[in-house]
Amino acid sequence: MSVIEVYCQCGNKLAKYDKRKKGFLVKMYLDQISEDPNDIFLDKKFNLDDEIFCPKCNKRIATIKMIHGRLSAKVNHGTVKKITT
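Residues numbered from 1 in each chain as written. Predicted model: local features only at pLDDT ≥ 70, side-chain atom pairs only at ≥ 80, totals over all residues. Heavy atoms only, no water.

Here we take up the side chain of Gln 32. Relative to the helices and strands, Gln 32 is located in the loop between strand S3 (27–29) and strand S4 (33–35). The class of Gln 32 is buried, set by a relative accessible area of 5%. When residues no more than four places from it in sequence are discounted, the contact partners of Gln 32 are Lys 16, Tyr 17, Asp 18, Arg 20 and Arg 70. (Helix = DSSP H or I, 4+ residues; strand = E, 2+ residues; numbered from the N terminus. Buried < 20%, exposed > 50% of the residue type's maximum accessible area, 1.4 Å probe, protein only. Contact = heavy atoms within 4.5 Å.)

Another aspect to go through is the pairing of strand S1 (residues 2–7). Here six bridges tie S1 to strand S2 (residues 13–19), and the two strands are oriented antiparallel to one another. Among the inter-strand pairings, Ser 2 is bridged to a residue of S2, identified as Lys 19. Connecting the antiparallel pair S1 and S2 is a turn made up of five residues, with Gly 11 showing a positive phi of about 100 degrees. (Pairing = 2+ DSSP bridges.)

Enumeration over the complete set of coordinates arrives at six salt bridges. Here Lys 13 makes a salt bridge to Glu 5, at a shortest N to O gap of 3.4 Å. Accessibility expressed as a relative area gives 36% for Glu 5, which makes it partly exposed. A salt bridge links Asp 49 to Lys 65, with the shortest nitrogen-to-oxygen separation between them at 2.5 Å. With Asp 49 in the loop between S4 and strand S5 (51–53) and Lys 65 in strand S6 (residues 60–67), this pair connects stretches of sequence that are 16 residues apart. The exposure class of Asp 49 is partly exposed, given its relative accessible area of 48%. Judged by its relative accessible area of 31%, Lys 65 falls in the partly exposed class. Bridged by salt links that share partners, the residues Glu 5, Lys 13, Lys 16 and Glu 35 form one connected network. (Salt bridge = Lys/Arg side-chain N within 4 Å of Asp/Glu carboxyl O.)

Dropping the structure here:
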């Protein structure tokens, strides 16, 4: 497991995430987000297909999906800086 920092293309820090597998960041399970400096992921009530936007540049950074029975933020690779482990 590695802890990674997720940034928007505009440079805004979005989250610290406990990534458990190797490869590109495709999804973030909401229960594995350890830090949420903008309060956009944690302590929120989401519905499926809700969209999450960067508070600084207002671009869509993720969409809420149910993956393997867990709520996840499916990352938009056009606005989130590429991360690979």
